[in-house]
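# Chain and residue survey
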Amino acid sequence: MFIDKVNIHVKGGDGGAGCMSFRREAHVPKGGPDGGDGGHGGDVIVRADASVSSLIDYRFKHHFKAQRGTHGKGSRMHGARGEDLVLKVPVGTVVREYDEETKEAGELIADLTHDGEQVVVMAGGVGGRGNIHFVTSTRRAPAFAELGEPAGEGWIQLEMKLMADAALVGMPSAGKSSLIAKISAARPKIADYPFTTLVPNLGVALTDDYSFVVADVPGLIEGAHEGRGLGHEFLRHIERTALIVHIVDLTGDWEGRDPLEDYEVIKRELALYAEELGKRPRIVVANKIDAPGTEEACKKLAERVRADSIEAAGGNEFIDSPIDPKLYEISALTGKGVESLKNAIGSKVRELREAAKAEAAADEQFDYVWEHKREARDAKFEVVRLSDHVFRVVGPRVERMVVQTDWENEEAIAFLQHRFKRLGVDKALDAAGACDGDEIRIVGFAFDYESARMAEDMFAELED
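Residues numbered from 1 in each chain as written. Predicted model: local features only at pLDDT ≥ 70, side-chain atom pairs only at ≥ 80, totals over all residues. Heavy atoms only, no water.

## Observations concerning the overall build of the chain
Cut-off, in case you're wondering: Counting from the N terminus, the helices are the DSSP runs of H or I reaching at least four residues and the strands are the DSSP runs of E reaching at least two. Summary of the burial criterion: residues with accessible area below 20% of their type's maximum are buried, those above 50% are exposed, and those between are partly exposed, where the area comes from a 1.4 Å probe applied to protein chains only. Pairs of residues are marked as contacts when any of their non-hydrogen atoms sit within 4.5 Å. Accessibility throughout is a Shrake-Rupley quantity obtained with a 1.4 Å probe, and a residue counts as covered only by protein chains that appear here.
Broken down by element type, the chain carries eleven helices and 18 strands. Each of the 464 residues in the chain was classed as buried or not, and the buried ones make up 48%. Counted over contacts in the chain with a minimum sequence separation of 6, partners at least 24 positions apart contribute 72%. Summed over all atoms, the accessible surface of the chain reaches about 23,500 Å², with 50% contributed by carbon and sulfur.

Structural data, given as structure tokens:
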């Protein structure tokens, strides 16, 4: 089964809790704190793997969770880190955020175009620190530790786009499947009715000293850019190809269509789906020249292709055009002209790929863009006034701090107040009009606002 788009829910592993412990040994009456840290939770990683050809592994299973970190122990024994969960996807997979309520894809997370390329889509929670970290010159025996940080969770969308060098496009029954079977080892289903091909087929074609990947894309019809027929489902598979090979059926198939009109329809659909596709380098192929009575249609198509090539070059026929001015005449049935076409495709693909490599080398790439965006977004928070004396603080990092606090330990609560002050929560509450004694709500907890004076006195020397 060919699956090229799925939505899945991912959750990182929760962090393990830190340990509150004191050294207990014979003849050591006042042993110091020795609580170990909790282990970090595992990350959820999406990795491109050349051996994977579709997203079928995520067709029926939609929820994935990384391993949590283990808790710290006494004697400075730290908890083990949770194991990362690696989700393998085909090369060419686009990863985006996804809103399950609105059913819409969100911000781009990564575009995995190389084997082994990966991105952390959901980081594991940080392990809580043991009480050995909270010793200061004024507090020699801290009687609290941090709980593990709960990991983030959410939906993401995986969308596969074929990584082919050349894409065969055209109306249904134009002969795309027959051609890919002639120039490669691919063996797609071939029959004399429209929409025989329902999923893209990939084949590797060999020339004298060069090989290239060619994709047979299911037939397009007028209105494909709006989703008619198999439009949106497969037009995206053309987006990454270096070269478009436009195949025109000279016979008009059993419907008796006009080959020139078919040619114009496909041109329009590509341009309407994505403007850049309309300008993509292109080779036009006239198929079924072995059929009687196709000579006139072939001549008119050759004239139209040459005119389009000159127009694409700005009206100058001596300047290289993205559209090859030559019409390649073939018969995918008998094999006439196929070898010449294959060599032309191979030569053009090699030229385009080398130019793309040079451009990519000159273009500086920045790693971890998604991680930086996520960190910046997590640090943001806002104060919402619910009533005269009730406020709610909303923000990923602030909420995790609250969940990470042991609310049965007064020292841990005071430490949380200190962290809030350093993060700027106190200033934001003051600006919103909060006064001592007002109720502050964060996730499922509520407490009285104290301007963090107690925390300031108790943890003045504490480095967070």
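Still more to cover.
## Structural notes on helix α10 (residues 425-432)
A turn of α-helix holds 3.6 residues, and therefore any two residues three or four places apart point the same way. Quick note on the threshold: By construction, the arc corresponds to the directions joining the helix axis to the C-beta atoms.
Turning to α10, its buried residues are Val425, Asp426 and Leu429. What you see down the axis of α10 is that its buried residues fit within an arc of 100 degrees, all on one side. In α10, the exposed positions that point more than 90 degrees away from the buried face belong to Lys427 and Ala431. Looking at the packing, one finds that the buried side of α10 touches β15 (382-387), β16 (390-394), α8 (396-403), α9 (410-423) and β17 (439-442). Of the residues flanking the end of α10, it is glycine 433, one or two places downstream, whose phi is positive at about 100 degrees.

## Here we look at the side chain of glutamate 149
Looking at the element boundaries, glutamate 149 is found in the loop between β7 (118-122) and β8 (153-160). Take glutamate 149: its relative accessible area is 14%, and that puts it in the buried class.

## Points about the packing of helix α3 (residues 259-273) against helix α5 (residues 295-312)
What counts here: Between the N-to-C directions of two axes lies an angle of 0 to 180 degrees, each axis being a line fitted to C-alpha atoms and, for a helix, fitted only over the stretch in contact. The nonpolar class holds Ala, Val, Leu, Ile, Met, Phe, Trp, Tyr, Cys and Pro. Asp, Glu, Lys and Arg form the charged class, and all remaining residues, Gly among them, are polar.
Viewed as axis vectors pointing N to C, α3 and α5 meet at an angle of 30 degrees, and their least axial separation amounts to 9 Å. Contact residues: Pro259, Leu260, Tyr263, Glu264 and Lys267 in α3; Ala297, Lys300, Leu301, Arg304, Val305 and Asp308 in α5. Across the contact of α3 with α5, the residue classes tally to six nonpolar, no polar and five charged.

## Some words on the sheet that holds β15
We count it as follows: Pairs of strands are assigned from DSSP output, requiring at least two bridges between the strands.
An order of β15-β16-β17-β18 is seen for the four strands of this open sheet, with the pairing classed as mixed. Two strands bound the open sheet, and with one partner strand each, they are β15 and β18 (445-448). The average undirected angle you get between the axes of adjacent strands in this sheet is 25 degrees. Pairing analysis gives four bridges linking β17 to β18, with the strands arranged antiparallel. Along β18, the bridge assignment pairs isoleucine 440 with phenylalanine 447.

## What about the sheet that holds strand β13 (residues 282-287)?
Strand pairing in a sheet is mediated by backbone hydrogen bonds. Such pairs are either parallel or antiparallel. Spatially, β10-β11-β9-β12-β13-β14 is the arrangement adopted by the six strands of the open sheet, whose pairing is mixed. For this open sheet the edge positions go to β10 (201-206) and β14 (323-329), each flanked by a neighbour on one side alone. If you compare each strand with its neighbour and ignore which way they point, the axes differ by 25 degrees on average. Note: strand β9 (residues 166-169) against strand β12 (residues 243-249), four bridges, orientation parallel.

## Quick word on the packing of aromatic side chains
Note the cut-off: Stacked, tilted and edge-to-face are the three classes assigned to paired rings of Phe, Tyr and Trp, where Trp is represented by its six-membered ring and a pair needs centres within 6.5 Å; plane angles under 30 degrees give stacked, over 60 edge-to-face, the rest tilted.
This model, assessed by the stated rule, comprises six aromatic pairs. Aromatic pair phenylalanine 134 and phenylalanine 144: ring centres 4.8 Å apart, planes at 25 degrees, arrangement stacked. Placement of phenylalanine 134 in the loop between β7 and β8 and of phenylalanine 144 in the loop between β7 and β8 is noted, with a sequence separation of ten residues between them. Given a relative accessible area of 2%, phenylalanine 134 falls into the buried group. Considering the side-chain rings of phenylalanine 134 and phenylalanine 415, the 5.0 Å spacing of their centres and the 65 degrees angle between planes classify their relative orientation as edge-to-face. Separated by 281 residues along the polypeptide, phenylalanine 134 in the loop between β7 and β8 and phenylalanine 415 in helix α9 bring together distant segments of the chain.

## Some remarks on the pairing of β7
Burial within β7 is extensive, with four of its five residues counted as buried. Relative to β7, strand β2 (residues 44-48) runs antiparallel, the two being bridged by four bridges. Bridged to isoleucine 45 within β7 is valine 120.

## Thoughts on the packing of α8 against α9
Going by this rule: Angular relationships are summarised with four words: roughly parallel below 35 degrees, roughly antiparallel beyond 145, roughly perpendicular across 65 to 115, and oblique for the angles in between.
Running from amino to carboxyl end, α8 crosses α9 at an angle of 170 degrees, the nearest separation of the two axes being 10 Å. Here α8 is positioned roughly antiparallel relative to α9, judged by the angle of their axes. Of α9, the residues touching α8 (which contributes Arg397, Val398, Met401 and Val402) are Leu416, Arg419, Phe420 and Leu423. Each residue belonging to the contact of α8 with α9 can be placed in one class, and the counts come to six nonpolar, no polar and two charged.

## Observations concerning the nonpolar core
Note the threshold: Think of a nonpolar core as a cluster: buried Ala, Val, Leu, Ile, Met, Phe, Trp, Tyr and Cys residues, connected wherever their side-chain atoms sit within 4.5 Å.
In terms of nonpolar packing, the biggest core is built from 26 residues, with Ile8, Val10, Val46, Tyr58, Val121, Ile156 and Leu158 touching the most fellow members. Elements supplying a minimum of two residues to this core: β1 (5-11), β2, β4 (85-89), β6 (104-112), β7 and β8. With sequence-adjacent residues up to four places away left out, tyrosine 58 is seen in contact with Val6, Ile8, Phe64, Leu87, Lys88, Val89 and Leu158. Residues Leu168, Phe212, Ile283 and Val338 belong to the second largest nonpolar core, which totals 25 residues.

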